[in-house]
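# Fold and geometry: a report
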Amino acid sequence: MGSQVEPERRIRVDGHAARRRILDATAELAGERGVDGASIGAISERSGLPKSSIYWHFGDKEALIASVVDDSYQRWSAHIRATTEPRDHERLGAGFGPSISAITNSPDFLRLGLMLSLDQRQPESPARQRFIEIRAEVRSTLRRLYRRTFPDLSEAGLDGLAQLTMALTDGFFIAERASETELAANHHLIEAAINGAAQSLV
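Residues numbered from 1 in each chain as written. Predicted model: local features only at pLDDT ≥ 70, side-chain atom pairs only at ≥ 80, totals over all residues. Heavy atoms only, no water.

### A few points about the overall build of the protein chain
Each helix and strand counted, the protein chain has nine helices and zero strands in total. Counting from the amino terminus, the protein chain carries its helices and strands in the arrangement α-α-α-α-α-α-α-α-α. Residue burial in the protein chain is summarised as follows: out of 202 residues, 43% are buried. When contacts within the protein chain are restricted to residue pairs at least 6 apart in sequence, long-range pairs at least 24 apart make up 63% of them. When the accessible surface of the protein chain is split by element, carbon and sulfur atoms take 53% of a total near 11,000 Å². (Helix = DSSP H or I, 4+ residues; strand = E, 2+ residues; numbered from the N terminus. Buried < 20%, exposed > 50% of the residue type's maximum accessible area, 1.4 Å probe, protein only. Contact = heavy atoms within 4.5 Å. Areas by Shrake-Rupley, 256 points an atom, 1.4 Å probe, with all protein chains shown as cover.)

Structure, rendered in structure tokens:
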């Protein structure tokens, strides 16, 4: 029995490792060359895996880019859960800073997502749609945080704060890409802007 189980286990492990190499190679290339520049051939060369392996794991390039966006988002979420105490989610300052800083560790979902959002050629692409879903998930999370932090705010006020948070994060992230500043270093400024906006909306 042992001789049968071990090969099956090795296949599963090798498959997971291959998928990881493909995702990492795609994220690197898309960051360097843009989504269009991350061709299947280039991904194959960067990952050291044949094209057939890429197609076997992901089906096509559109599904692969969507998987990169989702993978980066899941890693970002896991980092926040690992570095933030449960009680911190009740307080703006304690939980907000780590979530902003964590983008530095897993930036691909935001970087690729913003690229895809600005590219109107394929508005229905799986990767773009996944990024839109992620934005909705993050917006809902922010609304829940702000409802607890600012209980006197209206639903419209909560929506406004969530949108402001995401807009500020996007802006500082782009500024970081342009080597103008660092996103993580500005989380206190974003936090102050949110607090000020909340007071004006009550």
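### Regarding helix α6 (residues 108-118)
In terms of burial, α6 is a largely internal element, eight of the eleven residues being buried. The complete set of buried residues in α6 reads Asp108, Phe109, Leu110, Arg111, Leu112, Gly113, Leu114 and Leu116.

### Regarding the layout of surface pockets
Rolled over the atoms, a probe as big as a water molecule pinpoints where empty space is left. Considered as a void within the structure, the second largest pocket measures approximately 220 Å³ in volume. Taken together, Val35, Asp36, Lys61, Glu62, Ile65, Met115, Leu116, Asp119, Arg121, Gln122, Ser125 and Ala127 form the lining of the second largest pocket. Counting only elements with at least two residues in the lining of the second largest pocket, the list comes to α4 (61-83) and α6. Looking at the lining of the second largest pocket element by element, the count peaks at three residues for α4. Looking at the lining of the second largest pocket residue by residue, the classes come out as five nonpolar, two polar and five charged. (1 Å grid on protein atoms, 1.4 Å probe; cavity = no way out; pocket = protein on both sides within 12 Å on 5 of 7 lines; lining within 4 Å. Points joined across faces, edges and corners; volume = space filled by probe spheres on them. Nonpolar A, V, L, I, M, F, W, Y, C, P; charged D, E, K, R; others polar.)

### Considerations on the packing of helix α8 (residues 155-177) against helix α9 (residues 187-201)
Contact geometry for α8 and α9: axes closest at 10 Å, N-to-C directions at 155°. As far as their axial angle goes, α9 and α8 are roughly antiparallel. In this structure, α8 crosses over α9, and the sense of that crossing is right-handed. Only Leu189, Ile190, Ala193, Ile194, Ala197, Ala198 and Leu201 of α9 make contact with α8, whose side of the interface consists of Gly157, Leu161, Leu164, Thr165, Leu168, Thr169 and Phe172. Here the contact of α8 with α9 is composed, by residue class, of eleven nonpolar, three polar and no charged. (Axes fitted to C-alpha atoms, helices over the stretch in contact; angles between N-to-C directions. Parallel < 35°, antiparallel > 145°, perpendicular 65-115°, else oblique. Left-handed = near helix turned anticlockwise from the far one by under 90°.)

### Focus: α8
Taking 1.5 Å per residue as the helical rise, α8 with its 23 residues ought to reach 33 Å, and the 33 Å between its terminal C-alpha atoms agrees with that figure. Residues of α8 that are buried include every one of Gly157, Leu158, Leu161, Ala162, Thr165, Met166, Thr169, Asp170, Phe172, Phe173, Ala175 and Glu176, and no others. Taken from the residues just after α8, Ser179 is the one with a positive phi, measuring 60°. (Expected span 1.5 Å × (residues − 1).)

### Some details on the packing of helix α7 (residues 126-149) against α8
Taken N-terminus to C-terminus, the directions of α7 and α8 make an angle of 125°; their axes are 9 Å apart at the nearest point. Our classification of the angle between α7 and α8 gives oblique. Crossing of α7 against α8: the hand is right-handed. Here Arg135, Arg139, Leu142, Arg143, Tyr146 and Arg147 of α7 lie close against α8, whose contacting residues are Glu155, Leu158, Asp159, Leu161, Ala162, Gln163, Thr165, Met166 and Asp170. A breakdown of the residues in the contact of α7 with α8 according to their chemical character gives six nonpolar, two polar and seven charged.

### Digging into the pattern of salt bridges
All chains considered together, the criterion is met by 15 salt bridges. Across the pair Glu32 and Arg46 runs a salt bridge whose closest N-O atoms are separated by 3.0 Å. Here Glu32 is found in helix α1 (residues 2-33), whereas its partner Arg46 is found in helix α2 (residues 40-47), with 14 residues between them in sequence. The exposure class assigned to Arg46 is partly exposed, which follows from its relative accessible area of 33%. Of the charged contacts in the structure, one is a salt bridge between Glu133 and Arg130, with a shortest N-O distance of 3.2 Å. (Salt bridge = Lys/Arg side-chain N within 4 Å of Asp/Glu carboxyl O.)

### A short note on the packing of aromatic side chains
Taken as a whole and judged by the stated rule, the model has four aromatic pairs. Note on Tyr73 and Phe109: the rings are 5.6 Å apart at their centroids and 65° apart in plane angle, and the pair reads as edge-to-face. Highlighted residues: Tyr73 in helix α4 and Phe109 in helix α6, separated in sequence by 36 residues. Measuring from ring centre to ring centre gives 6.0 Å for Tyr146 and Phe150, while their planes differ by 45°; the resulting arrangement is tilted. A single burial state applies to Tyr146 and to Phe150, both of which are buried. An aromatic cluster is built from Tyr73, Trp76 and Phe109, whose rings are joined through pairwise contacts. (Phe/Tyr/Trp six-rings, centres within 6.5 Å; stacked < 30°, edge-to-face > 60°.)

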